[in-house]
Amino acid sequence: MGIPPGQAVAVGSYILSQHLRGRKRYPLVLMLEPLFRCNLACAGCGKIDYPDPILDQRLSVADCMQAIDECGAPVVVLAGGEPLLHRELPEIVAGALAKKKYVTVCTNALLLEKNLHQDRPQRRYNWSVHLDGDKGMHDKSVCRAGVYDKAVAALQAAKARGFRVNINCTLFSDAEPDRVTKFFDRVVELGTDGITVSPGYAYERAPDQQHFLNRTRTKQLFRDIFRAQGTRKWPLFQSGLFLDFLAGNQTYHCTPWGNPTRTVFGWQRPCYLLGEGYAKTFAELMEDTDWDKYGTGNYEKCADCMVHSGFEASAVTDAVKRPWKALIVALGGVRTEGPMAPEIPLSNQRPAEYVFARHVQQKLSEIEEAEARAEKPVAAA
């Protein structure tokens, strides 16, 4: 597996301590988005469809440190947008590492090579390079030719400097299992330390709505990939039970509070993928969110979701509670034949609500008010 032993032990110890304290809900990974702006416009992305005044917003270093302290999760993932567009990213990373967190920076790698000099390798620090497959697959996914080659060159440069480098790969309905397995083989040849793989989430604002996977197709795709894997050893940076879930062998409800998200809007309700409300503090997010309104079987927008940000925490928690299940997968691998686990019925899910425009307008009003206050002359004493 691609998860470093030290990180696995730290996260496992953290989970065990939460259980011993009797906590029902607790975070595992803080998803920290210090900005939304990106230098790509991927067809499957629903995270950057905002007016310029919002795309120009940034979380400060102080904002980020406060979010890390409020949340308390052992792992911090810096995402976006493109984090390398944030001028204070090195200070944010250094601050998170000083707090003894495991830190991953997700990047499309277009700016990575020229920024490597700003950081130094550490055992708790990962770069996660976005690669949605081989050259043809990835350049199609990001809607720009040549991005794959630049990303691979940056990955190799980061490895040459001694950094840990993972890749994160999102798969859509046009993914071909044999092609994906060859891509993973190539990633291993490049010396990549870990592979994170997930089906894409059907963002309502994404330009391409035709290529998202439903749950049945997701399960079959991953069964085909793991069957084609054979005896290959891929450094998958995920829990075995989550991979088993992707192949249809586990029935999990999502754990949206496992990966809480802090953005320029605030603490995002209910999860990294859905922004249907925002809390001012982490405590407010955890205590005042109606969690039962969301998830597969509860809400239409969640019907086909099998994304790691919602279900990895469910799998990890299951592994701590039932370690024999994780051991079976570790020893025998992901099952690719036979009946699949029962699916969660959708008959009682509530219909989707569309609130994006309301939140955007509210944020624009806040920005305008703040700018007006800043321009207002101060009266002479």
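Scroll up a little and you will see the structure.
What comes next is a walk through the structure. Quick caveat, the model's predicted, so the values are computed rather than measured.

About the cut-offs
- Residues numbered from 1 in each chain as written.
- Predicted model: local features only at pLDDT ≥ 70, side-chain atom pairs only at ≥ 80, totals over all residues.
- Heavy atoms only, no water.
- Helix = DSSP H or I, 4+ residues; strand = E, 2+ residues; numbered from the N terminus.
- Polar contact = N/O pair within 3.5 Å; in protein donor to acceptor, adjacent residues only side chain to side chain.
- Contact = heavy atoms within 4.5 Å.
- Axes fitted to C-alpha atoms, helices over the stretch in contact; angles between N-to-C directions.
- Parallel < 35°, antiparallel > 145°, perpendicular 65-115°, else oblique.
- Left-handed = near helix turned anticlockwise from the far one by under 90°.
- Buried < 20%, exposed > 50% of the residue type's maximum accessible area, 1.4 Å probe, protein only.
- Salt bridge = Lys/Arg side-chain N within 4 Å of Asp/Glu carboxyl O.

Quick word on the side chain of Thr289
Okay, so step 1: Within the secondary structure, Thr289 is located in the loop between α11 (282-288) and α12 (308-321).
Okay, so step 2: At 2.7 Å, the side chain of Thr289 forms a polar contact with the side chain of Arg269.
Okay, so step 3: One polar contact links the side chain of Thr289 to the main-chain carbonyl oxygen of Leu285, over a distance of 2.5 Å.
Okay, so step 4: Not counting chain neighbours up to four residues away, the residues in contact with Thr289 comprise Arg269 and Glu284.

Points about unusual backbone geometry
Okay, so step 1: Of note, the bond from Gly80 into Gly81 is cis; its omega dihedral lies within 30 degrees of zero at 20 degrees.
Okay, so step 2: With respect to the helices and strands, Gly81 occurs in the loop between β2 (75-78) and α4 (89-98).
Okay, so step 3: Between Arg269 and Pro270 the backbone carries a cis peptide bond, its omega angle lying at -5 degrees.
Okay, so step 4: Within the secondary structure, Pro270 sits in strand β8 (residues 266-270).
Okay, so step 5: In this structure, Lys100 takes a positive phi of about 65 degrees despite not being glycine.
Okay, so step 6: Positionally, Lys100 belongs in the loop between α4 and β3 (102-107).

Digging into the packing of helix α3 (residues 61-71) against α4
Okay, so step 1: Put simply, α3 and α4 touch, their axes get as near as 10 Å, and they point 25 degrees apart. When the axes of α3 and α4 are compared, the pair comes out roughly parallel. Of the two elements, α3 crosses α4, and the hand of that crossing is right-handed. In this structure, α3 uses Val61, Cys64, Met65 and Ile68 to contact α4, whose residues at the interface are Glu91, Ile92, Gly95 and Ala96.

Notes on the environment of Ala8
Okay, so step 1: Along the chain, Ala8 turns up in helix α1 (residues 5-20).
Okay, so step 2: Looking at Ala8, the relative accessible area reads 41%, which means it is partly exposed.
Okay, so step 3: Along the chain, Ala8 and Ser239 lie 231 residues apart, while their C-alpha atoms are 9.5 Å from each other.

Comments concerning the pattern of salt bridges
Okay, so step 1: All told, the structure shown has 19 salt bridges when counted by the stated rule.
Okay, so step 2: Residue Arg37 is joined to Asp56 by a salt bridge in which the shortest nitrogen-to-oxygen separation is 2.8 Å. Highlighted residues: Arg37 in the loop between β1 (29-32) and α2 (52-55) and Asp56 in the loop between α2 and α3, separated in sequence by 19 residues.
Okay, so step 3: The partner of Arg179 in a salt bridge is Asp134, and the shortest N-O contact between them spans 2.6 Å. On the criterion of sequence distance, the pair formed by Arg179 in helix α8 (residues 177-189) and Asp134 in the loop between β4 (125-130) and α6 (135-142) is long-range, its members being 45 residues apart.

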